[in-house]
Amino acid sequence: MKNTAIVVLCLISFQGYTQKISKLKQKALAEVEGLSEQIHSACQQLWDYSEIALKEKESANYLSSLLEDADFSIESGVGGMPTAFVATFGTGKPVIGILAEYDALPGVGNAPVPAREGRTDGVSSGHGCGHNLFGSASVNAAIALKNLMTEGHFSGTIKLFGTPAEETLTGKVYMANEGVFNGLDAVLDWHPTQSNEVTYTSSLAMNNFEVEFFGQAAHGAYDPWNGRSALDAVEAMNYMVNMMREHIYPSTRIHYVVPNAGDAPNVVPEYAKVWYYVRDTSRSNVEKFYDRILKIAEGAALGTNTTHKVTLITGVHEYNLNEPMLRNIQSNLQLVGPPTFTAEEQEWARKLQQAAEKDQDGFDTKITSIPSDWEKLQPGGGSTDVAEVSFQAPTAGFGVATAPKNVPWHSWATSASHGTEAAYRATEVATKVLTLSGVDLFTDAKYLAEAQAYFKKKVAGKPYVSPIPKDQKVVLPKG
């Protein structure tokens, strides 16, 4: 069948919008509604698992099984990570990718109640970023698109990427470094959030690295002259980096912790380690200040008569936005409409906001439009490994309100919210938007060409270069 949209139309109206919806998109919405029970079940199952980065064994197996039951072929263990997978259905062009995440955060687990309360199953980790919802919507959207393809509405290839360890900016970086995302024509992404809007601001590029210093132990009082303090090297390095802050850009962010600083005051520390993040609005800026910090580390080692080792754990680009895709997703978000919440759910949300000491105005129920000056807006404060995909194919995403406004993200409060039926219904909205946006990519050749042309202009013919060395392998957790 030719990749042209079915032209039978009807009108729908909501929140001041009136749009035409094709018969194919009506069918797509019906497919998602038919998956409603599975969407909710997947949200709950992933919330129950709440497995942290690179330990998402049950979560990855569960999502893979859903896709395998839907006749997708599964390739597991991609990028050197047992919990990463690619599910494929169909053949030929276009090849449309959908990203799925499912890792949780340590220490933020909470019962699905509007107060700080541990889970009854004793699990301490939690989906404070809503990746249980993320995984469910993406997988079920892929299945809905597959059902439409099977019915002959369009042709091509669907690829669902199970990407672990987003919270540590690992999964997509190592998958990209291995070429897992090669050959894609476009990619769809979404994320749970506190508003209903497309992702029209970029993210920060980042390097995540450790510096280890090696000295010589000695008695801190009896013979300190025989010691060479690795902790001195860490402190010297941090001092020089903090002096450097006067000479960095306003957009640059540098932060660190000291995971190892010695064992006892009366022993000169022979080993110490400092862990750094360096972020900025562009990859080139990150590299500039990363290189300076490497020189500082070398100087700290020389000044303390120690040796040192630098390990680049991971790195990411800034998110490469794609305007044609953003405009298309915006229209589909408006077509589907925002999540609806009952009076009881809004009251629950206000109680959660009260517990978090925030204004008590509940869940967001409006759709934010793309600002006219969106290209001039500063990136958000965070980083994402989705950025690596966005430099290999046209990529765009959106957010749906799954937690009450302004409650702390990556916290017990969002973990609680992401284990509720309110969040699961919001996930249905995300699934519908992903599915409709996929339909457009499969059926509207002109639109896809515009997205690809915009992408090519943005990358200016430069090939993708991974922030990590080509032969670097992911470090898997023990146990």
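Once a new chain begins, its residue numbering starts again from 1 and follows that chain's sequence as written. Reporting in this predicted model follows two pLDDT cut-offs: at least 70 for local features of residues, and 80 or more for side-chain atom pairs to be given and counted; totals over whole chains, interfaces and linings ignore these cut-offs and use all residues. Side-chain numbers come from the whole structure's heavy atoms, not from hydrogens or water.

Undergrad: For this particular structure, what's the right way to read the sheet that holds strand β3 (residues 73-76)?
TA: One key point about sheets: their strands pair by backbone hydrogen bonds, in either a parallel or an antiparallel sense. Pairing between strands is defined by DSSP: at least two bridges between them are needed. Helix and strand labels come from DSSP, where a helix needs a run of H or I of at least four residues and a strand needs a run of E of at least two; each type is numbered from the N terminus. Pairing in this open sheet of seven strands is mixed, and the strands run β3-β4-β6-β5-β7-β13-β8 from one edge to the other. Strands with a single pairing partner mark the edges of an open sheet, and in this sheet they are β3 and β8 (197-198). Inspection of the sheet shows β8 paired to strand β13 (residues 395-401) by two bridges, in the antiparallel sense. Considered in β13, the bridge of V198 is made with F398. Here helix α3 (residues 57-69) sits on the sheet and contacts β3, β4 (85-90) and β6 (157-162); the angle it forms with β4, its principal contact strand, is near 10 degrees. Should any heavy atoms of two residues lie within 4.5 Å, those residues are counted as being in contact. Fitting a line to C-alpha atoms yields each axis, with helices limited to the stretch in contact; the angle taken between N-to-C directions then spans 0 to 180 degrees. Running over the sheet, helix α12 (residues 421-443) touches β5 (95-100), β6, β7 (186-193) and β13 and is turned about 165 degrees from β7.

Undergrad: Before we go on, may I ask you to explain the sheet that holds strand β12 (residues 307-316) in this structure?
TA: The strand order β10-β11-β9-β12 describes an open sheet built from four strands, whose pairing is antiparallel. On the outer flanks of this sheet lie β10 (253-260) and β12, each paired with one strand and no other. Neighbour-to-neighbour, the strand axes of the sheet open up by a mean angle of 20 degrees, direction not taken into account. Looking at chain direction, strand β9 (residues 205-214) and strand β11 (residues 271-280) are connected through 10 bridges and run antiparallel. Bridge pairing in β11 links N207 to V278. Across the face of the sheet, helix α6 (residues 230-244) comes into contact with β9, β10 and β11 while running at roughly 20 degrees to β11.

Undergrad: I would appreciate a short explanation of the pairing of β7 in the present structure.
TA: In terms of burial, β7 is a largely internal element, six of the eight residues being buried. Relative to β13, β7 is paired through seven bridges, and the arrangement is parallel. By the bridge assignment for β13, H191 is matched with G399. Only protein chains enter the accessibility calculation, which uses a 1.4 Å probe. A residue is then buried if its area is under 20% of the maximum for its type, exposed if over 50%, and partly exposed in between.

Undergrad: Looking at this model, I keep getting lost on α12. Mind explaining?
TA: Given 3.6 residues per turn, any residue in an α-helix points the same way as the ones three and four places further on. One fewer than the residue count of a helix, multiplied by 1.5 Å, yields its expected span. Here α12 contains 23 residues, and its C-alpha end-to-end distance of 33 Å stays within 8% of the 33 Å for a straight helix at 1.5 Å per residue. Summarising burial for α12: 21 of the 23 residues are buried, a large majority.

Undergrad: Even after reading the chapter, I still don't get the side chain of T443, so can you show me in this structure?
TA: Mapping T443 onto the fold places it in helix α12. The class for T443 is buried, based on a relative accessible area of 6%. We call two N or O atoms a polar contact when they sit within 3.5 Å, provided that within protein one can donate a hydrogen and the other can accept it, with sequence-adjacent residues counted only if both atoms are side-chain atoms. A distance of 2.7 Å separates a polar side-chain atom of T443 from the backbone oxygen of V439.

Undergrad: In this structure, what is going on with the packing of α3 against helix α4 (residues 131-150)? I would like to understand it.
TA: Helix packing geometry: the angle between the two helix axes and the distance between the axes. In contact at an axis separation of 10 Å, α3 and α4 are set at 15 degrees when each is read in the N-to-C sense. Overall, the two elements α3 and α4 adopt an arrangement that is roughly parallel. In the packing of α3 onto α4, the handedness of the crossing is right-handed. Counted together, L63, L66 and L67 of α3 and G135, V139, A142 and I143 of α4 form the full contact between these two elements. Each residue gets one label: Ala, Val, Leu, Ile, Met, Phe, Trp, Tyr, Cys and Pro are nonpolar, Asp, Glu, Lys and Arg are charged, and the others, such as Gly, are polar. Per-class residue counts for the contact of α3 with α4 are six nonpolar, one polar and no charged. Here the angle decides the label: under 35 degrees means roughly parallel, over 145 means roughly antiparallel, 65 to 115 means roughly perpendicular, and every other value means oblique. Should the near helix be turned anticlockwise from the far one by less than a right angle, the crossing is left-handed, and should it be turned clockwise, the crossing is right-handed.

Undergrad: Hey, could you run me through the side chain of H127 in this one?
TA: Here H127 lies in the loop between β5 and α4. Accessibility expressed as a relative area gives 1% for H127, which makes it buried. In contact with H127, not counting residues within four places along its chain, are L46, W47, S50, Y102, D103, A104, N132, T414, S415 and H418.

Undergrad: Can you help me understand the environment of N110 in this one?
TA: The topology assignment puts N110 in the loop between β5 and α4. Sequence-wise, N110 and G128 are 18 residues apart; in three dimensions their C-alpha atoms are separated by 9.2 Å. Not counting the four nearest positions on each side in its chain, N110 is found in contact with W47, A115, R116, E117, R119, W412, S415 and A416. From its side chain, N110 meets the backbone oxygen of A115 in a polar contact 3.0 Å long. Within polar-contact distance, the side chain of N110 engages the backbone nitrogen of E117 at 2.9 Å.

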